[in-house]
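# Architecture at a glance
The primary structure of each chain is shown beneath.
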Amino acid sequence: MTRNELIRDAVNKGEIPVLPFELERARLSFSQQISKQEELGRSLGEAMRQSSETWHDNAPAEAIRNESQVAALLADKAIKLLQYGKEFDYETEGNTVSLGSVVDIRYDKTGNIITTLVTGATYDVKDFCGNSDIKGVTIFSPIGKAILDLSVGDSTEVTISNKKIPLSIIRIRNFDELSA
């Protein structure tokens, strides 16, 4: 089976193909959200003690509740990735776009060339890549789905917001080639 066939097989099994840094980020995020919830719990206790003498709304408690909901959503996202993530290494095979490929894509209508790292679940890759010019594109996004398996010189069309956008693959590299 080719790498992309293994990736599609993982998706069909309900797994989320990811790169190692994505799982590490999920572990870190989950840990941070647990700490945040503990801190918010202490703050909520204090806010409730301070307002126990009043009969009106408790704005500090509401703010803490809202912040707690955000932390819970971030923790849920991390849990999903940790639970269903299937790790693939950075190495890609052959000359086709795959998870972990760094791809230069030309948007044919504008001529703009965008460099992307193909990921499983992460759009914000600048802290991982050390290059703010590289954008993340997941294999589940319209562009990610459209370019998977393409080679240099191949063109395709992707529909985003009911607009057809023609794309061409200009260059494909492995992630480790960025630092070389």
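Residues numbered from 1 in each chain as written. Predicted model: local features only at pLDDT ≥ 70, side-chain atom pairs only at ≥ 80, totals over all residues. Heavy atoms only, no water.

### Points about helix α3 (residues 59-84)
Look at α3: 38 Å from first C-alpha to last across 26 residues, which is about the 38 Å you get at 1.5 Å a residue. Of all the positions in α3, only Ala61, Ile64, Ala71, Ala75, Ala78 and Leu81 are classed as buried. (Helix = DSSP H or I, 4+ residues; strand = E, 2+ residues; numbered from the N terminus. Expected span 1.5 Å × (residues − 1). Buried < 20%, exposed > 50% of the residue type's maximum accessible area, 1.4 Å probe, protein only.)

### Focus: the layout of surface pockets
Size it by volume and the largest pocket reaches roughly 400 Å³. Along the walls of the largest pocket sit 16 residues, with Lys77, Ala78, Leu81, Ala121 and Thr122 positioned nearest its centre. Secondary structure elements with two or more residues in the lining of the largest pocket: α2 (20-51) and α3. Broken down by element, the residue count for the lining of the largest pocket peaks at six residues, all from α2. The class makeup of the residues in the lining of the largest pocket is eight nonpolar, three polar and five charged. (1 Å grid on protein atoms, 1.4 Å probe; cavity = no way out; pocket = protein on both sides within 12 Å on 5 of 7 lines; lining within 4 Å. Points joined across faces, edges and corners; volume = space filled by probe spheres on them. Nonpolar A, V, L, I, M, F, W, Y, C, P; charged D, E, K, R; others polar.)

### Digging into the sheet that holds strand β3 (residues 101-107)
Taken in spatial order, the five strands make up an open sheet running β5-β4-β3-β7-β6, and their pairing is mixed. Across the chains shown, the open sheet's two edge strands, defined by having one partner strand only, are β5 (134-138) and β6 (155-160). When the angles between neighbouring strand axes are averaged without regard to direction, this sheet yields 45°. (Pairing = 2+ DSSP bridges. Axes fitted to C-alpha atoms, helices over the stretch in contact; angles between N-to-C directions.)

### Some points on the nonpolar core
If you look at the biggest cluster of nonpolar residues, it comprises 28 residues, and the most contacted ones within it are Ile105, Leu117, Ile143, Ile147 and Ile169. Taken together, the elements giving at least two residues each to this core come down to α1 (3-12), β3, β4 (113-119), β5, α5 (142-147) and β7 (163-174). Broken down by element, this core gets its largest block of residues, four residues, from β3. Residues contacting Ile105, with those up to four places away along its chain left out, are Asn112, Ile113, Ile114, Thr116, Ile143, Ile147, Leu167, Ser168, Ile169 and Ile170. Counting six residues, the second-largest nonpolar core is a separate cluster that includes Val18, Ala26, Ala78 and Leu81. (Core = buried A, V, L, I, M, F, W, Y, C linked by side-chain atoms within 4.5 Å. Contact = heavy atoms within 4.5 Å.)

### Here's the deal with the pattern of salt bridges
If charged atoms from side chains of opposite charge come close, those side chains can pair. Counted under the stated rule, the structure contains eight salt bridges. Residue Glu24 pairs with Arg27 through a salt bridge whose shortest N-O separation is 3.3 Å. Residue Glu24 and its partner Arg27 are located together in helix α2, separated by three residues, close to a single helical turn. For the salt bridge of Asp104 with Arg173, the shortest nitrogen-to-oxygen distance reads 3.2 Å. A residue pair is termed long-range when its members are at least 10 positions apart, and Asp104 in strand β3 and Arg173 in strand β7 qualify at 69 residues. For the pair shown, Asp104 and Arg173 are each scored as buried. (Salt bridge = Lys/Arg side-chain N within 4 Å of Asp/Glu carboxyl O.)

### Notes on the side chain of Thr122
Along the chain, the position of Thr122 falls in the loop between β4 and α4 (126-129). The exposure class assigned to Thr122 is buried, which follows from its relative accessible area of 8%. Reaching out from Thr122, the side chain makes a polar contact with the side chain of Glu22 at a distance of 2.8 Å. Contacts of Thr122, omitting those with residues within four sequence positions, involve Phe21, Glu22, Arg25, Gly136, Val137 and Thr138. (Polar contact = N/O pair within 3.5 Å; in protein donor to acceptor, adjacent residues only side chain to side chain.)

### Some points on the pairing of β6
Along a regular strand, successive side chains alternate from one face of the sheet to the other. In this sheet, β7 lies alongside β6 in antiparallel orientation, the contact comprising six bridges. Within β7, the residue paired with Ile160 across the bridge is Lys163. In sequence, β6 turns back onto β7 through a hairpin of two residues, with Ser161 there showing a positive phi of about 50°.

Remember that the coordinates give geometry; whether it matters functionally is a separate question.
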